[in-house]
Amino acid sequence: MPWLKAILGIMTGCLLSPFTAFAGDVKSEVEEFRPAPTTRVETFSDLERYARSKAGEAYVPSPPLPAVLQNLDYDQFRLIHYRHERGVWLNKSPFWFEAFHRGFVHRDQVKINTLTADGEQEFLFDPRRFEYRGELSTIRVPRETGYAGVKLAGFFPGSKDPQEMVTFLGASYFRARAGNTVYGSSNRGLAINVGAEGPEEFPVFREFWIKQPDKADANVTVFALLDSESLTGAYQFTFQPGQKVSEMFVRSTLFFRKQPGKLAVAPITSMWMWGDGLVGPPLDKRPSVHDADGLLIKANDEWTWRALSRQSYPSISRIDVNDLQGFGLLQREQDYERYRDDQALYHKRPSIWIEPQTEFPAGYMELMELPGAHEGIDNIGAYWVVSDDVQLDQPLSFVYKIKYFSGDLPAAEGSAVAKASRTNVVRHNDEQSEIEFRVDFEGPLLADVKDLENVEVELTTIRARVTDQRLERKSDNKLMLVVTVEPESNDGPCEVRARLKQQGQPLTERWAYLCAVEPPRYKYPSVYTRIEE
């Protein structure tokens, strides 16, 4: 599965808590390094030259796993732990790093380098940096194994507990968070042929260069080489942690071996099983299970909120926009009572917002909503699709900022219009094929609306006919729009879009929803602990 969470990192359960094993004065790991003789990458320009040269060579896949690691299952792989006291630059810099071991689904080999005052040095694989527990305590792992990825740690502002902040693990996936959140939705460096005919091509971060921060630095920089059958890429990630908002500045240049097909830029992946608009299975009493509840898009100074759902088939929605200013998968709902899950902590999952710093190439937004067998699978994807074929001899560059935060966009950066805060769907019985949508719009702007008869409802539908609509006030700053539609067919979903306006000016963002005429059934595999047929 392209969105399998295990690919993103099976470390969720143990790496979100503070690090616990620290030495008071740890000997520097730099003494165990050796210079890398083949390449010298100390700046982004160096990395661009390296990526360009690699694009002129044939693609070489990652070497296979050593035999001793070939058949590890999930539980066995969890017995391998990096020794926290061996963190590189621990107690010497405001940020330090650890490495991930190869095994289970993490089969690609990743090279890690450091950039210090002495220049570029390779961080060689050494099994002594890991603890092999239980039945793996006697295995002998060869030094040519290499790493699977890297994690960055440090102190969030105002916190005295060391915390993991960023992980790069699996293909081009990476995760980051703010101090008041836990890991949830994730990013990818690039996606190729996602949601298209034929197999998806998964670019891989093959090599990292981590720049040692000065003691006064508030951010940390990582360079990465992306590699795939179609292209190579030079990436620079600069991460600045925050207790409420963390930021990742991304700069990338792509060099092409061949035409990559469908090219998806700045992809975000997430999970949505049930919540607003779709009730959960009878034996699971949690009201909502998701990492994000909607796709927010800002384009041409207008805001669109596409509430997420889950179809019984792979669904791809194209969203044409002009002048893209930002997009993101947000977890707006932060009330614990909407999830009631003390283990997954869905109410603390971060929202992810992407802001282009340079204009993206001509294209369109795309939202993928897959069926999803259980909550361990990422079934949601959002990304910008480049509409034109690339010129093979012309590099393609992107610069964008990623923000990680709790809930909605910070007020100073968000829209003044009211938000679509809740989506409820009522499906009538078999004798009545109508579907009723109840959408709550909430925001200070609505408190100034005195007469609802003066509010214009901008309403459009696809594959459905509107049979009734009304507007109700729920509180001073909250209005509820009730729309009843009759689907044209049972063969596919219907789509409804609505926005409130007054005197031609928007009062609310545009709400959109793709609704299955019949809700998808739940049939979980045995891996899921809450068995439901």
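Caption draft 1: Structural view of the overall build of the protein. Tallying secondary structure elements over the protein gives four helices and 33 strands in all. Buried positions account for 57% of the 533 residues belonging to the protein. Across the protein, every contact between residues at least 6 apart in sequence was considered, and the portion connecting residues at least 24 apart equals 70%. Only carbon and sulfur atoms are counted for the fraction: they give 46% of the accessible area of the protein, which is about 22800 Å².

Caption draft 2: Region of interest: the sheet that holds strand β30 (residues 478-487). With respect to topology, four strands assemble into an open sheet ordered β26-β27-β30-β29, the strand pairing being antiparallel. A single partner strand is all that each edge strand has here, and the edge strands are β26 (419-427) and β29 (464-475). Taking the axes of each pair of neighbouring strands and ignoring which way they run, one obtains an average angle of 20° across the sheet. Bridge count for β29 against β30 is 10 bridges, and the pairing is antiparallel. The partner of E472 across the bridge, within β30, is M480.

Caption draft 3: Spatial organisation of the pattern of salt bridges. The final tally for this structure, using the stated rule, is 39 salt bridges. Two residues, R306 and E369, come together in a salt bridge whose shortest N-O distance is 3.3 Å. Within this pair, whereas R306 is found in strand β19 (residues 302-307), its partner E369 is found in strand β23 (residues 363-369), the two being separated by 63 residues in sequence. Given a relative accessible area of 3%, R306 falls into the buried group. R422 is the salt-bridge partner of E333, the closest N and O atoms lying 2.9 Å from each other. One end of the pair, E333, is in the loop between β21 (324-330) and β22 (351-356); the other, R422, is in strand β26, and 89 residues separate them in sequence. Take E333: its relative accessible area is 18%, and that puts it in the buried class.

Caption draft 4: How the structure looks around the confidence of the model for the protein. Predicted confidence across the protein gives a mean pLDDT of 90, with 89% of residues reaching 70 or more. Residue range residues 1-37 is modelled with pLDDT below 50. Its contacts to residues more than four positions away, or to other chains, number 108 contacts.

Caption draft 5: A look at the pairing of strand β33 (residues 510-515). Counted residue by residue, β33 has five buried out of six residues, so it is predominantly covered. Here β19 runs beside β33; their pairing, made up of three bridges, is parallel. Residue pairing for β33: W305 is matched across the bridge by W511. By the bridge criterion, five bridges tie strand β31 (residues 494-502) to β33 in an arrangement that is antiparallel. Each residue of the ladder has a partner; that of C494, found in β33, is C515.

Caption draft 6: Molecular detail of empty space enclosed by the protein. If you walk through the whole model with that rule in mind, you get one cavity of 30 Å³ or more. The space that makes up the largest cavity amounts to roughly 140 Å³. Broken down by secondary-structure element, the contributors of at least two residues to the lining of the largest cavity are β19 and β26. Here the lining of the largest cavity gets four residues from one element, more than from any other, and that element is β26. In the lining of the largest cavity, the residues fall into five nonpolar, four polar and five charged.

Caption draft 7: A look at the environment of R427. Here R427 shows up in strand β26. Sequence-wise, R427 and E518 are 91 residues apart; in three dimensions their C-alpha atoms are separated by 8.3 Å. Setting aside its immediate chain neighbours within four residues, R427 contacts G277, E434, I435, C515, A516, V517 and P519. Within the structure, R427 has its side chain in polar contact with the backbone oxygen of A516 (distance 3.0 Å).

About the thresholds
Residues numbered from 1 in each chain as written. Predicted model: local features only at pLDDT ≥ 70, side-chain atom pairs only at ≥ 80, totals over all residues. Heavy atoms only, no water. Helix = DSSP H or I, 4+ residues; strand = E, 2+ residues; numbered from the N terminus. Buried < 20%, exposed > 50% of the residue type's maximum accessible area, 1.4 Å probe, protein only. Contact = heavy atoms within 4.5 Å. Areas by Shrake-Rupley, 256 points an atom, 1.4 Å probe, with all protein chains shown as cover. Pairing = 2+ DSSP bridges. Axes fitted to C-alpha atoms, helices over the stretch in contact; angles between N-to-C directions. Salt bridge = Lys/Arg side-chain N within 4 Å of Asp/Glu carboxyl O. pLDDT = per-residue confidence, 0-100. 1 Å grid on protein atoms, 1.4 Å probe; cavity = no way out; pocket = protein on both sides within 12 Å on 5 of 7 lines; lining within 4 Å. Points joined across faces, edges and corners; volume = space filled by probe spheres on them. Nonpolar A, V, L, I, M, F, W, Y, C, P; charged D, E, K, R; others polar. Polar contact = N/O pair within 3.5 Å; in protein donor to acceptor, adjacent residues only side chain to side chain.

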